[in-house]
Amino acid sequence: MDALYPRLLVARFAECFRFYDAVLPELLGAARQKGDPSGPYANWDVGIEAALVLFDRAALAAVVGTGDLPAEPPAAQDRTMLTCRVQDVDAALALCLAHGGTLVVGATDRPQWGPTLRTAHLRDPDGTLIELQSY
């Protein structure tokens, strides 16, 4: 049973689909179960558990009655972040950047967060913040 999983509401569905379809199998072992670049929905699972769902933001806005609201908020600090635990932060970062991710902070050792913690931060094609981490 899928207890809780992220569903990203994206404006750039096709770009995000191609990004996650390219990186999730290698980063998490996730397999696409449904969807294609035309949208409005796609999902990837690890085993029988949901790992990530993409949904077209405008399509959901039409369902929940928020289509008349602004699609983009004013600039602000991030409210959410996807975190992926990986074996090799540097290799995972290179993979993500090669498939359309945008670098925020390169691979960095963070002993203040954990004695062997290494992280990198990037954004997916729609701007969602992602942290890659290894211990």
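Whatever comes next refers back to the structure up there.
Residues numbered from 1 in each chain as written. Predicted model: local features only at pLDDT ≥ 70, side-chain atom pairs only at ≥ 80, totals over all residues. Heavy atoms only, no water.

**With respect to the sheet that holds strand E6 (residues 102-109)**
Here is the rule we go by: We treat two strands as partners when DSSP finds at least two bridges between them. Helix and strand definitions follow DSSP, with helices as H or I runs of at least four residues and strands as E runs of at least two, each counted in order from the N terminus. The convention used is that axes are lines fitted to C-alpha atoms, helices contributing only their stretch in contact, and that angles between N-to-C directions extend from 0 to 180 degrees.
Pairing is mixed across the open sheet formed by four strands, whose spatial order is E5-E8-E7-E6. Each edge of the sheet is formed by a strand with only one pairing partner; in this case those strands are strand E5 (81-85) and E6. Put simply, the sheet's adjacent strands are angled 15 degrees from each other on average, direction ignored. The pairing of E5 with strand E8 (residues 129-134) spans five bridges and is classified as parallel. What sits directly across from Arg85, in E8, is Gln133.

**Digging into helix H3 (residues 89-98)**
An α-helical turn contains 3.6 residues, so any two residues separated by three or four positions project in the same direction. This is how the line gets drawn: Relative accessible area decides the class of each residue, using a 1.4 Å probe on protein chains only: under 20% of the type maximum gives buried, over 50% gives exposed, and in between gives partly exposed. For this quantity, the arc is that covered by the directions from the helix axis to the C-beta atoms. Polar contacts, as counted here, are pairs of nitrogen or oxygen atoms within 3.5 Å of one another; within protein the pair requires one atom able to donate a hydrogen and one able to accept it, and residues that are adjacent in sequence qualify only if both atoms are side-chain atoms.
Taken together, the buried positions of H3 are Val89, Ala92, Leu93, Leu95 and Cys96. All buried residues of H3 fall inside an arc of 160 degrees around its axis, so they share one side. Backbone nitrogen of Asp90 and a side-chain oxygen of the N-cap are separated by 3.0 Å at the start of H3; the cap is Asp88. Remark: Gly100 follows H3 within two positions and exhibits a positive phi of approximately 110 degrees.

**Some words on the side chain of Glu131**
Which entries qualify depends on this criterion: Here the positive residues are Lys and Arg and the negative ones are Asp and Glu; neither His nor the chain ends is included. Salt-bridge detection follows one rule: a side-chain nitrogen of Lys or Arg within 4 Å of a carboxyl oxygen of Asp or Glu. Contacts are assigned to residue pairs with any non-hydrogen atoms lying within 4.5 Å of each other.
With respect to the helices and strands, the residue Glu131 is situated in strand E8. Buried within the structure, Glu131 lacks any salt-bridge partner; its nearest side chain of opposite charge belongs to Arg110, at an N-O separation of 6.0 Å. In this structure the side chain of Glu131 is engaged in a polar contact, spanning 2.8 Å, whose partner is the side chain of His121. Once residues within four sequence positions are removed from consideration, Glu131 is found in contact with Met81, Leu82, Thr83, Cys84, Trp113, Thr119, Ala120 and His121.

**Structural notes on the state of the cysteines**
For clarity, the threshold we go by: Cysteine sulfur atoms are paired as a disulfide whenever they fall within 2.5 Å.
Scanning all chains against the criterion turns up zero disulfides. In this model Cys16 remains outside any disulfide bridge; the closest cysteine sulfur is found in Cys96, 12 Å from its own. Its relative accessible area of 0% is what places Cys16 among the buried residues. Between Cys84, a cysteine without a disulfide, and Cys96, which holds the nearest cysteine sulfur, the sulfur-to-sulfur distance is 7.1 Å. We classify Cys84 as buried; its relative accessible area is 10%.

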